[in-house]
Amino acid sequence: MLSSTEIRNSFVEFFKERGHAYVAGASLVPPPDSTLLFTNAGMNQFVDYFKGTTVSKHSRIVNYQRCMRVSGKHNDLLEVGVDHTHHTLFEMMGNWSIADYGKKESIVWAWDYLTKGCGLPKEKLWVTIFREDDEAEMLWKDNTDVVPSRIRRFGEKENFWEMGETGPCGPCSEIHIDIGEDRGCGRPECEVNCTHCNRHVELWNLVFIQYERQNNGSLVPLKNLFVDTGLGLERLVCLLQGTRSNYDTDLFTPVIRSIESLSGIKYESAEEQKRIAFRVLCDHVRALSFLIADGIMPANDGRGYVLRKVLRRSVLHGRNLGFESTFIASLIPHIIAVMKEAYPYLTDQEEVIKKVVTSEEERFHSALHTGLRTLDEEMASIGKGEKVLPGDVVFRLADTYGVPIDFIEEEIAPARGLKIDRQGYEALMQEQRARARQARKAKDGGAELGAILADEEATRFTGYDHLEDRGRIVHCLKGNEEVPHLYKGETGTIVLDRTPFYAESGGQIGDAGVILSDMGKFEVSDTQSLGKQIVLHIGKVVSGKMETGAEIRACVDAERRANAAHHHTATHLMNYALRQVLGGHVKQSGSLVTPDYLRFDFTHYEAPSKEQLKQVEEMVNALIRSNQPVAARVMKIEEAKEEGALAFFGDKYGDVVRVVGVGDFSKEFCGGTHVKAAGDIGAFFIVKESAISTGVRRIEAVAGAAAYARACGAFQSLRDMQNALNVGENELLPGVNRLLDERKQLSAQNEKLLRESAKTRVHSMLDSAKDVDGVKVVAIDLGEVDGNAAPILRDLGDDIVLRESPAAVAVLAARSKGRVNFIVRIGVEALNRGMDANKIIRGVAQKTGGSGGGRKDMAQGGSANASQLKEALEAVPGMVKELLCEKR
Ligand code: SER
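For the structure given in this document, a descriptive report is provided here. (Residues numbered from 1 in each chain as written. Predicted model: local features only at pLDDT ≥ 70, side-chain atom pairs only at ≥ 80, totals over all residues. Heavy atoms only, no water.)

## Thoughts on the overall build of the protein chain
Quick reminder of the rule: Helix numbering and strand numbering both begin at the N terminus, where a helix is a DSSP run of H or I of at least 4 residues and a strand a DSSP run of E of at least 2. Only the C-alpha atoms count toward the radius of gyration. The rule for a globule is 2.2 Å times the residue count to the power 0.38. The buried label applies to any residue whose accessible area, calculated with a 1.4 Å probe on protein chains only, is under 20% of its type's maximum; exposed applies above 50%, and partly exposed to all values in between. Contacts are residue-level and defined by heavy atoms, with any inter-residue pair within 4.5 Å sufficient.
Scanning the protein chain for helices and strands turns up 25 helices and 36 strands. In terms of overall dimensions, the protein chain is more spread out than a globule: its C-alpha atoms have a radius of gyration of 37 Å, far above the 29 Å expected for 888 residues. A principal-axis box enclosing the C-alpha atoms of the protein chain has dimensions of 120 × 85 × 50 Å. Across the 888 residues in the protein chain, those meeting the buried criterion constitute 50%. Of the contacts made within the protein chain by residues no fewer than 6 positions apart, 68% connect residues no fewer than 24 positions apart.

Now the structure itself:
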């Protein structure tokens, strides 16, 4: 029996023998300009070849591609696990013709691979074609031994393939297999694409790409015909390994076995609901592993949200199998073991995947716990006769605690005999979406500006080599309106034909400076861009006026630019150092470069240790001192990738990219402005490290002048401290330690004195004690105490009841640092007469708005508010009286 790895390899070999070049599958994260959330087909990475905007190196390509189909046009989520053939993440093997061969070869090769290569019986295969595609039908009949009566025509839904709302598309021809009468609906008319059952399984889709779907829905013919095919690996493996389910193949059985041993439940003999849970887990844990390995981290929106959703579904299905705490990480090695030959990078990411999954799992368990508890509290306030869980409660559970709505509707509510108010919930969701839309709209007010500048040519940027340039004003804008002039005192935006000003991009903030003309001066406080094309100089006219058409001189604030450059190159050095020190899995997930500091977000599963941060800081400084040259090169994107330049997913790249290199060790896709040599940076200090979400860390650091200023500040504070302590530089720390020691001793002495003075007061306290039916009540406020009041109070209480009067109830209070501490201590005799420290302390605590508790003979408490203390102490004799009465 062939293993899944052998089957994958046989496909690639088959097409290599037919002149195809192997191109590795792409990341699950599509390029930034893509309209897709996830890579959902092998062709995604070749879209530009079809559109003709990029020329492919190869005219025939073969590969296998990890795909996610959980959103947009292709969404299989709800079928996963319920059936045996759909997955969130699956592998698609494919072959492509980039304007090379056409329908005939693709049909013949697909048929040959399945029937001859894999030995599938032709009597079981069905072929579908697009309604109007006579040519395809003829090709099938003339060139293959397909059973002619097994060819069927279908419309757009089945046989016109599109990757999303827009993009390359075309009619397709599919090959399906009949997996047996016993798997079908039994209807006499049951055949391929039966709407009642899954007896005929789609295996391979051959798409003849010849159109591009536009935004307005129209189809524009492409210059050439392209072939894009996709064959589902899991389904083929299932057939070739002779199993009834994708989950019974070698791709998943190790995971099934592992779940069995963790849960103690046997997959084969379990009830169907549990068997579904097994399958969902197999599928989801695999998807989680691939998503995280491609750098996606849990988040509240976008891809990260899908990851979170898949994880939460896993947790909930895990509960069906009795998993009440984290368990997913122990399944991951089984996934990786099966997949590592085809996806070697998974092995490097194993630890990261496990850590991210576990920490997210913990968070969800605890949210679920709190969510369910809150729900139970809410339930108490829902009237007894009610049968509906109100929409706002559902919304809170779903939104605040992240409990999936299906789970609330299908499990939580029914378990409590309730239905949910779905409409009320949806209404609140709508409101929330509307709020989010509003916020987005407010954020990109640029739309109107976009309309004004729609036909404007891109501003020529000359600022890599110059800080000053001559040019012409092409637009003056006030708010979002075009104006002929901007006058003194007015703020506005100026567009030039060419500019040395760098517009904010790639994390580096925009330049500032001045624009001068014969008529006036404009101070630029920020530079932004519209669509990365048109540079917007934002600022204020400080003298005269600015006029459209005027010749100008644009001067960038050189110092600010240099300071930004120090931080930008330092960011690259730190990115390099982090990967050296923490590991190659570190990926940039955000960055900000300013003249004063830098901020860098990156993926890493735990807080870096102090030593690691120190190492990073030292490495960056050593690299600075090595003074290697910094150079930017413009090259084809493929070349840059081949050279291993680091790209940042958050940015959009064209076919030609700029790569900034420091020496020969650091290479990054980058449009920013940099120093000429590393030494220009001068110095670098890490200022802060923190977590910004699960698996994403943030470092703030300073470089260049800002680093120098920071060091100066630190030295000055040291000198000030030396002066204050009157010690030399090397004696500072011993001096401070000495002071701390002295302070400790003084406060110990102080405490001792306090205790002693308090003890001498014991007698007088007892003398003034109130006698309540023979119980001596001492209720006293000792006033302000320096240091920790509790031990003093305890000592004193012991003295009163152990040494002086066993018939005493001592309620003692003291204040320190704005808080009141109190204790209640009961002597043996008083105890026998029914006194209870716990009850008394609760009485005192209640009156002072604090809390407290303990044993019958001794309880402690405290409150942040001393204003009611006097009244509380005065009430003690009354409490004692009540307890005496209770005893009687
Ligand atoms: N793009 C087509 C599909 O995904 C064929 O690869 O089905």
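Alright, that's what it looks like, and here's the rest.
## A look at the pattern of salt bridges
We apply this condition: Here, a salt bridge means any Lys or Arg side-chain nitrogen found within 4 Å of an Asp or Glu carboxyl oxygen.
Evaluated as defined, the whole model comprises 48 salt bridges. Here E158 ties to K157 by a salt bridge, and the two come within 3.8 Å at their closest N and O atoms. Connected through salt bridges with shared partners, the residues D134, E137, K141 and R153 form a single ionic network.

## Regarding the site of the ligand
Counted only if it meets this: Near residues are defined by distance, with any heavy atom within 4 Å of the molecule or strand qualifying the residue. Under the rule applied, a polar contact is a pair of N or O atoms within 3.5 Å (in protein, one hydrogen donor and one hydrogen acceptor; residues adjacent in sequence only if both atoms are side-chain atoms). Working definition of accessibility: Shrake-Rupley area with a 1.4 Å probe, residue cover restricted to the visible protein chains.
A41, M43, R69, M92, W161, N205, V207, D228, T229 and G230 make up every residue found near the ligand. Within the contact set of the ligand, an oxygen atom lies 3.3 Å away from a side-chain nitrogen or oxygen of W161. Separating an oxygen atom of the ligand from a side-chain N or O atom of N205 is a distance of 3.1 Å. Starting from 230 Å² of accessible surface for the ligand in isolation, the protein chains cover 97%. Where the shell around the ligand is concerned, the elements lending two or more residues are β10 (200–213) and β11 (219–232). A per-element tally of the shell around the ligand places β11 first, with 3 residues.

## Here we look at a nonpolar patch on the surface
Put simply, the test is: Patch membership is restricted to residues that have no salt bridge and whose relative accessible area is over 30%. Joining uses 9 Å for like charges and 5 Å for the nonpolar side chains Val, Leu, Ile, Met, Phe, Trp and Tyr.
On the surface, F715, L718 and M721 cluster together into a nonpolar patch covering about 280 Å² of accessible area. Here L718 lies in helix α19 (residues 704–725).

## Remarks on the nonpolar core
Stated precisely, the cut-off is as follows: Grouping buried Ala, Val, Leu, Ile, Met, Phe, Trp, Tyr and Cys residues that are joined through side-chain atoms within 4.5 Å yields what is termed a nonpolar core.
If you look at the biggest cluster of nonpolar residues, it comprises 112 residues, and the most contacted ones within it are Y113, W140 and W204. Per element, the largest residue contribution to this core is 11 residues, and it comes from helix α8 (residues 272–293). Ignoring any residue separated from it by four or fewer positions in sequence, one finds W140 in contact with I107, W111, V127, I129, V146, I151, S173, I175 and L206. With 29 residues, the next largest nonpolar core counts L578, L598, I624 and F684 among its residues.

## Some remarks on helix α10 (residues 332–339)
Stated precisely, the cut-off is as follows: Here, the arc refers to the directions that run from the helix axis to the C-beta atoms.
Among all positions in α10, only I332, I335, I336, V338 and M339 are buried. The buried side chains of α10 occupy one side of the element, clustering within an arc of 165° when seen end-on.

## Overview of the packing of helix α1 (residues 4–16) against helix α3 (residues 103–117)
The test is simple: Every axis corresponds to a line fitted to the C-alpha atoms, with the helix fit spanning only the stretch in contact, and the corresponding angles, defined between N-to-C directions, vary from 0 to 180 degrees. In this scheme the handedness of a crossing depends on how the near helix is turned from the far one: anticlockwise by less than a right angle means left-handed, clockwise means right-handed. Classification convention: Asp, Glu, Lys, Arg as charged; Ala, Val, Leu, Ile, Met, Phe, Trp, Tyr, Cys, Pro as nonpolar; all other residues, Gly among them, as polar.
Two elements in contact, α1 and α3, have axes separated by 11 Å at closest approach and are oriented at 140°. Crossing handedness for the pair α1 and α3: right-handed. Contact residues: α1 offers I7, S10, F11, F14 and F15, while α3 offers W109, D112 and Y113. Counted by class, the contact of α1 with α3 contains 6 nonpolar, 1 polar and 1 charged residues.

## Looking at the sheet that holds strand β35 (residues 851–854)
For the record, the criterion: At least two bridges found by DSSP between two strands is the condition for calling them paired.
Across the sheet, which stays open at both edges, the 6 strands sit in the order β31-β32-β33-β34-β36-β35 with mixed pairing between neighbours. Two strands lie at the open edges of the sheet, namely β31 (770–772) and β35, each paired on one side alone. Taken over all neighbouring pairs, the strand axes of this sheet differ in orientation by 15° on average, direction set aside. Pairing between β31 and strand β32 (residues 775–784): 3 bridges, direction antiparallel.

## Some words on unusual backbone geometry
Even without being glycine, N193 reaches a positive phi, approximately 60°. Inspection of the secondary structure assignment puts N193 in the loop between β9 (167–178) and β10. Not every positive phi belongs to a glycine, and D773 is a case in point at roughly 50°. Note on placement: D773 falls in the loop between β31 and β32. A relative accessible area of 41% means that D773 is categorised as partly exposed.

## Regarding helix α21 (residues 789–804)
The condition is simple: The span you would expect from a helix comes to 1.5 Å times its residue count less one.
Here α21 is 16 residues long and its end C-alpha atoms lie 21 Å apart, about the 22 Å a rise of 1.5 Å per residue gives. Within the sequence span of α21, burial applies to A789, A790, P791, I792, L793, L796, G797, D799, I800 and V801. For α21, the secondary structure elements touched by its buried residues are α20 (732–767), β32, β33 (808–816), β34 (819–826) and β36 (858–863).

## A short note on the packing of helix α7 (residues 253–263) against α10
Using the following cut-off: Here roughly perpendicular refers to angles of 65 to 115 degrees, roughly parallel to angles under 35, roughly antiparallel to angles over 145, and oblique to all remaining angles.
In the contact formed by α7 and α10, the axes pass within 9 Å of each other and the chain directions differ by 165°. By the angle between their directions, the pair α7 and α10 is classed as roughly antiparallel. Here α7 and α10 pass one another in a crossing that is right-handed. In this structure, α7 uses P254, V255 and S258 to contact α10, whose residues at the interface are H334, I335 and V338. By residue class, the composition of the contact of α7 with α10 is 4 nonpolar, 2 polar and no charged.

## Describing the environment of M43
Mapped onto the elements of the fold, M43 is located in the loop between β1 (21–22) and α2 (47–51). C-alpha separation for the pair M43 and H466, spaced 423 residues apart in sequence, amounts to 42 Å. Those residues within four positions of M43 in sequence are excluded, and the remaining contacts are F50, W96, W161, M163, P168, I209 and D228.

## Here's the deal with the state of the cysteines
Note the threshold: Any two cysteine sulfur atoms lying within 2.5 Å of each other are counted as a disulfide.
With the rule as written, the count across this model stands at 0 disulfides. Not part of a disulfide, C185 finds its nearest cysteine sulfur in C197, a span of 3.7 Å. For C185, a relative accessible area of 25% corresponds to the partly exposed category.

## Focus: the pairing of β32
Linking β31 to β32, which pair antiparallel, is a turn of 2 residues; within it D773 sits at a positive phi near 50°. Relative to β33, β32 runs parallel, the two sharing 7 bridges. Paired with K776 across the bridge in β33 is A808.

## Points about the pairing of strand β21 (residues 520–530)
In this structure, strand β20 (residues 513–516) lies alongside β21, joined through 4 bridges in antiparallel fashion. Note that in β21 the partner of G513 across the bridge is V524. Between β20 and β21, which pair antiparallel in sequence order, lie 3 residues.

## Points about empty space enclosed by the protein
To keep it simple, the criterion reads: A 1.4 Å probe that fits but cannot get out identifies a cavity on a 1 Å grid over protein atoms alone, an open set with protein on both sides within 12 Å along at least five of seven lines counts as a pocket, and a residue lines either if it has an atom within 4 Å of a point. Grid points are joined across faces, edges and corners, and a volume is the space filled by probe spheres set on the points.
By the definition in use, this model includes 2 cavities of 30 Å³ or more. The calculated volume of the largest cavity comes to roughly 60 Å³. Contributing to the lining of the largest cavity are L754, S757, A758, R761, L782, V785 and I792. At 4 residues, the largest contribution of residues to the lining of the largest cavity is made by α20. Residues belonging to the lining of the largest cavity are distributed by class as follows: 5 nonpolar, 1 polar and 1 charged. Of the pockets and cavities examined, the second largest cavity occupies roughly 40 Å³.

## Thoughts on the sheet that holds strand β28 (residues 666–669)
As summarised here, the arrangement of the 3 strands in space is β26-β27-β28, forming an open sheet in which the pairing is antiparallel. Where the open sheet ends on each side, the last strands, each with one partner, are β26 (630–636) and β28. Adjacent strand axes in the sheet meet at a mean angle of 25°, parallel and antiparallel pairs treated alike. Sheet analysis places strand β27 (residues 656–662) next to β28, joined by 4 bridges and oriented antiparallel. Residue pairing across strands places V659 opposite F669, the latter belonging to β28. The sheet contacts of helix α16 (residues 558–582) involve β26, β27 and β28, and relative to β28 the element is tilted by about 115°.

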